[in-house]
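# What the coordinates show
Below, each chain spelled out in residue letters.
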Amino acid sequence: MYASEGGAKRNLYLKLNPMLGSVLIIIGLVTFLSGCTNVDHTEETVDQSSSVVLKPMDGWSDAVIYFVMLDRFADGDKTNNQKVERLNPGGYHGGDLKGLTQQIDEIASLGANVIWLTPINKQIDFGLFATDPSGEISDGFQHWGFHGYWIEDFYQIDSQFGSEEDLTALVEAAHQRNMKVLLDVVYNHTGYSAETFYDHHERKKWLRSKSTECDLDVITCQVGGLPDLKTEQPKVRDYLIEHSIALAKRTGIDGFRLDTFKHIDHPFWKEHRKRTQQELGEDFFLLAEVWGGTYRELDKWFEKDETDSGFDFSFSGSCQAFVNRRGRSIAFAKYLEKRHRIRDGYFMAHYLSSHDVNMALADLNNDKDKFKLCVAMQMSSLGMPVIYYGEEVARKGQSWPYNRMDMPWGDTDIKPGAGIKRDESLREYYQALIKLRRQHPAMYAGTYTLLHAEGDQMVFMRNHEEKDDHVIVAVNRSDKDSVLSLELPDSVKNKSWSKFNLDTPNADQSNAFESDLKIKNMSVQFFIAKTKNS
């Protein structure tokens, strides 16, 4: 959660601090080409008791994360809908843990193998007045804690979201499908006027009384005006960490997404890391939300081994600039190359949209050709791609609060998004790209070699020498077809290649790579090297 999760408060303060108006908290058919026999070409999914079962994850570099805002996804329990106001963009819409579990194959069949879930702690029991920045709702609306970041009680699960038993059932369903679950946890602050927390005399002393701006002190400031906890105090630290670890033990979740990470000091995170590893195991995964994170910025925490990974805040804007032909191709190509400077053993998670930034498709003026270029780049680049729920079916909305609309379910009765249109062809595009990525270690764990970057064309190669896996990615952002001459490196010059064009999914041509490379307008093509045993 970042400043925007102070959404209602944020809008009340908008004239005083315009930066709080839009800040991020923290994501054609393709067919399989048999590339090389040393790569695992097991079918990505199999039907097992009518469920989708994914191929086991090959380490976290092989992760494809699906980010679910729980309240907006699927309603599986009508008994906890007392607060539901589906016409209110800031209200509860009814999504819950049971609904997510019931619809988990929607995510599994997409190919994503990690679910990141918004916080499920008990939220403050009232809404705050918020103004609509777009002016669509002229008299404002009530903004509630449907997003999960306005916590009243850290030790309870909000009944709107379900129960601990429901969380356990979700984790079990995910594990049956070889999927993992990351739970979003908040340590930095409480919700506004969190009565359950304040009613405890001792805990009143755990909150900072002096208001501080974040540009003056990133640790003691009130993010989005939310009450800031003195997380440097051992009592406060233990209170927060002990519950999260206990919940993880009981439910079997696989890791935490750590909110407002840079607003808590290093000693806290060092202790948190030590205790999660000791009590939950060395493989319990931590994903940090460091506002403005890049490989360079995140290294402050990687160096101290305080987290396994962090979000790359730079990818979406960089890719959108590239497909909009702002800047030279070589600049974006070099940007992709620099991302490989990340410290060994650590990971970045790169998204196109999220719950506190604009939806990328809308920012691209709903130009799906441009959006698909960015999706292909996301799936071809180093890091763990993050898909923001519904993004894969062209969910509508642009800026807050409309970037948190309901999951579109098309012609079904799945609420809250029943009847909302969805683009199935875009979903198939995602499916195919994820399948291709997971079949080729070069794409998720390989090195990067730039082959060409001139005009509107860019060509790079991903290599995994140990598994003899090589993938060439050729991109044309122009509205015209292009032909370019390309010289392959000596190490792969004598290999035969299969051509893989997203726009013509059935094209599987042996020995298809030629020195004169033809790239269709607004497209990405892949060339898969074959081994001598293929």
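Residues numbered from 1 in each chain as written. Predicted model: local features only at pLDDT ≥ 70, side-chain atom pairs only at ≥ 80, totals over all residues. Heavy atoms only, no water.

### Comments concerning the pattern of salt bridges
The line we're drawing: Definition used for salt bridges: Asp or Glu carboxyl oxygen within 4 Å of a side-chain nitrogen of Lys or Arg.
Going through the model one piece at a time under the given rule, you end up with 37 salt bridges. Members of the salt-bridge network, linked through shared partners, are Arg237, Asp238, Glu242, Glu271, Lys274 and Arg275.

### Focus on the pairing of strand β11 (residues 285-288)
As a reminder of what qualifies: We call a residue buried when its accessible area falls under 20% of the maximum for its residue type, exposed when it is over 50%, and partly exposed in between, using a 1.4 Å probe and counting protein chains only. The numbering of helices and of strands both runs from the N terminus, where a helix is a DSSP run of H or I of at least 4 residues and a strand a run of E of at least 2. DSSP-based pairing: two strands are paired if at least 2 bridges between them are found.
Side chains Phe285 and Leu287 of β11 all project onto a buried face; the interleaved residues Leu286 and Ala288 project onto the opposite face, where all are buried too. Judged from the four bridges that link them, strand β10 (residues 255-258) and β11 form a sheet pairing that is parallel. Residue pairing for β11: Leu258 is matched across the bridge by Ala288. As judged from the two bridges shared by β11 and strand β12 (residues 309-312), these two strands associate in the parallel manner.

### Quick look at the nonpolar core
We apply this condition: Among the buried residues, those of types Ala, Val, Leu, Ile, Met, Phe, Trp, Tyr and Cys that are joined through side-chain atoms within 4.5 Å form a nonpolar core. Should any heavy atoms of two residues lie within 4.5 Å, those residues are considered in contact.
Grouped together as the largest cluster of nonpolar side chains are 139 residues, with contacts concentrated most on Tyr66, Phe73 and Phe526. With near-sequence residues (within four places) excluded, Tyr66 lies in contact with Phe73, Ile107, Leu110, Ala112, Val114, Ile115, Trp116, Ile387, Tyr389, Gly390, Glu392 and Met407. Counting 14 residues, the second largest nonpolar core, distinct from the first, contains Met461, Leu486, Leu488 and Phe527.

### With respect to the packing of helix α4 (residues 164-176) against helix α7 (residues 234-251)
This is how it is decided: Angular values range over 0 to 180 degrees, each being the angle between N-to-C directions of two axes fitted as lines to C-alpha atoms, with helices fitted over their stretch in contact. Working rule for angles: under 35 degrees goes down as roughly parallel, over 145 as roughly antiparallel, 65 to 115 as roughly perpendicular, anything else as oblique. Any residue outside Ala, Val, Leu, Ile, Met, Phe, Trp, Tyr, Cys, Pro, Asp, Glu, Lys and Arg is labelled polar, Gly included; the first ten of those are nonpolar and the last four are charged.
For the pair α4 and α7, interaxial distance at closest approach is 9 Å and the crossing angle is 55 degrees. Judged on the interaxial angle alone, α7 and α4 are oblique. Of the residues in α7, those in contact with Glu164, Leu167, Thr168 and Val171 of α4 are Leu247, Arg250 and Thr251. Split into classes, the residues belonging to the contact of α4 with α7 amount to three nonpolar, two polar and two charged.

### Quick notes on the sheet that holds strand β13 (residues 347-351)
Spatially, the eight strands close up into a barrel ordered β3-β4-β9-β10-β11-β12-β13-β14, and their pairing is parallel. Direction aside, neighbouring strands of the sheet carry axes that sit 25 degrees apart on average. Of the pairings in the sheet, the one linking strand β3 (residues 65-68) to strand β14 (residues 384-388) comprises three bridges and is parallel in character. Bridge pairing links Ile65 to Val386 in β14.

### Notes on α7
Cut-off, in case you're wondering: Any helix carries an expected span of 1.5 Å times its number of residues minus one.
Across its 18 residues, α7 extends 26 Å between first and last C-alpha, which sits within 8% of the 26 Å expected from 1.5 Å per residue. Of the residues making up α7, those classed as buried are Val236, Tyr239, Leu240, Ile241, His243, Ser244, Ile245, Leu247, Ala248 and Thr251. Positive backbone phi, approximately 85 degrees, marks Gly252, located one or two places after α7.

### Observations concerning the packing of helix α10 (residues 315-323) against helix α11 (residues 329-338)
Filter applied, for reference: A crossing counts as left-handed when the near helix is turned anticlockwise from the far one by less than a right angle, and as right-handed when that turn is clockwise.
Following both chains from N to C, one finds α10 and α11 inclined at 155 degrees, their axes separated by 10 Å at the closest point. Accordingly, the angle class assigned to the pair α10 and α11 is roughly antiparallel. Handedness of the crossing formed by α10 with α11: left-handed. Note on element contacts: α11 touches α10 through Ser329, Phe332, Tyr335 and Leu336, opposite Phe315, Ser318, Cys319 and Phe322. The residue inventory of the contact of α10 with α11, partitioned by class, reads six nonpolar, two polar and no charged.

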